[in-house]
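The residues making up each chain are set out below.
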Amino acid sequence: MRAEAQAHVDSINEALALLRRFLDWDRALRRLDELNARVEDQTLWNDPRAAQEVMRERRRLDEAIGAARAIESELSDTVELMEMAEAEGDSAMVDEGVAGLAALAGRANEDKVKALLAGEADANDTYIEVNAGAGGTESQDWAGMLSRMYTRWAERRGMKVELIDQHSGEQAGIKSATLLLKGENAYGYAKTESGVHRLVRISPYDSAARRHTSFASVWVYPVIDDNIDVDINEGDLRIDTYRASGAGGQHINTTDSAVRITHLPTGIVVQCQNQRSQHKNKAEAYNQLRARLYERELAIREAAANAENDSKTDIGWGHQIRSYVLQPYQMVKDLRTGVVSTAPGDVLDGALDPFMAAALSQRVTGETVEVEDVD
């Protein structure tokens, strides 16, 4: 078999192996049989909420198991046809088989990632919060670039993006921004982006054209619905109002419509200024607080995620999850998984899927990679 074809086969088998491992294949098959039996029970819908949970779990398992079986079957058929074509010297058929394997490898990886999005809140919408590190204009400009990167990534996936809060930099970029991404599995895909992001480039703000290193942090947390209970003691909150900044018309800039809520026991701070109404801003800030507290609980349950998503992490050297180098060469390197792109322009325009897929897979395997940072 051609080396190119063998590479695709190896990629497909690797994706299938990870999928089986994640599902705990034998247990998943038994569980699907149990769920199918429950669906046949006419008393199931006596409790609609429990029935919906059963149907949701059944659908997820059925889709994941069905996808794996379909890929296995198609892989076997394609390899068999290619072997026959090679024996007969039919190069056109072999080329067609290689193309088929390439498409199948892409599908296998897509199905693998979808199956990995089975966390408690993975299907939910998500907030993405970006904060500039120390360094003034340089870091603020970098934070603005990251905010745009996540906006473009979401738009590529057909998600709706809302700017919930933004504090502009004095000269360029932003000091902080909170985005709301609405779409299927928004949190599941984006959750691995939490951490410090490092930029190396020739500064457009340095008249001496020197190379600068800038940092910004990203924090990702899920939107939660009324089915998830988060208890908040009103006595634990400090609520401040202030005058909104930035665009928005005369009213939004001349009244104390913006709202900041501090949760005193945890130190979590959320804020909103995108609405003209103080009441609406307060309601949105409260939603963010519930989401942050819920994400904090998820992080406590997952020790690994807790280490990655620690909001107290310094925004600087030694804590970054990814480096983006624009000069003197061009490279983006993920320091957790080792995934590299030599097209940082594409990455900054939203081409983040390979990085997200690798980080999701790493959560399943638990395998760590020793990766040297780039200069």
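Each chain carries its own residue numbering, running from 1 in the written order of its sequence. Confidence filtering applies because this is a predicted model: local features only for residues at pLDDT of at least 70, side-chain atom pairs given and counted only at 80 or more, and all residues used for totals across whole chains, interfaces and linings. Hydrogen atoms and water are omitted, and side-chain values are computed over all heavy atoms in the structure.

Draft legend 1. Summary view of a negative patch on the surface. Patch membership needs two things, relative accessible area over 30% and no salt bridge, and members are linked within 9 Å if like-charged or within 5 Å if nonpolar (Val, Leu, Ile, Met, Phe, Trp, Tyr). With residues, only the protein chains shown are counted as cover, and all accessible areas are computed by Shrake-Rupley using a 1.4 Å probe. Take a side-chain nitrogen of Lys or Arg and a carboxyl oxygen of Asp or Glu: if they are within 4 Å of each other, that pair is a salt bridge. In this tally, Asp and Glu contribute negative charge and Lys and Arg positive charge; neither His nor the terminal groups of the chain are included. In this description, the location of a charge corresponds to atom NZ of lysine, CZ of arginine, CG of aspartate or CD of glutamate. Among the surface-exposed residues, Asp 77, Glu 80, Glu 83 and Glu 86 lie close enough to one another that they form a single negatively charged patch. A run of DSSP states H or I qualifies as a helix once it reaches four residues; a run of E qualifies as a strand once it reaches two. Both are numbered from the N-terminal end. When you line up the elements, Glu 83 lands in helix H3 (residues 48-88).

Draft legend 2. Quick look at the pattern of salt bridges. Taken as a whole and assessed by the stated rule, the structure comprises 23 salt bridges. For Arg 322, the salt bridge identified is with Glu 193, shortest N-O distance 2.8 Å. Taken together, the residues Arg 322 in strand E9 (residues 320-325) and Glu 193 in the loop between helix H6 (186-190) and strand E4 (195-202) connect sequence positions 129 residues apart. Exposure class is identical for Arg 322 and Glu 193. Each is buried. Notably, a salt bridge pairs Arg 238 with Asp 240, separated by 3.4 Å at the nearest N-O pair. Overlapping salt bridges bring together Arg 148, Arg 152, Glu 155, Arg 156 and Asp 349 as one network. The classification of residues rests on relative accessible area computed with a 1.4 Å probe and restricted to protein chains. Under 20% of the type maximum is buried, over 50% is exposed, and intermediate values are partly exposed.

Draft legend 3. The arrangement of the packing of helix H4 (residues 91-116) against helix H11 (residues 353-365) in detail. Axis definition: a line fitted to C-alpha atoms, over the contacting stretch in the case of helices. Angles run 0 to 180 degrees between N-to-C directions. The contact between H4 and H11 brings their axes to 10 Å, and the two run at 55°. Relative to H11, the element H4 lies oblique. Judged by the twist between their axes, the crossing of H4 over H11 is left-handed. When H4 is examined against H11, the residues Lys 112, Val 113 and Leu 116 are found in contact with a partner set consisting of Ala 357, Leu 360, Ser 361 and Val 364. For the contact of H4 with H11, the residue count by class is five nonpolar, one polar and one charged. Any angle between 65 and 115 degrees counts as roughly perpendicular, while under 35 counts as roughly parallel, over 145 as roughly antiparallel, and the rest as oblique. Should the near helix be turned anticlockwise from the far one by less than a right angle, the crossing is termed left-handed; should it be turned clockwise, right-handed. We call two residues in contact whenever any of their non-hydrogen atoms come within 4.5 Å of each other. Note on residue categories: nonpolar means Ala, Val, Leu, Ile, Met, Phe, Trp, Tyr, Cys or Pro, charged means Asp, Glu, Lys or Arg, and polar means any other residue, Gly included.

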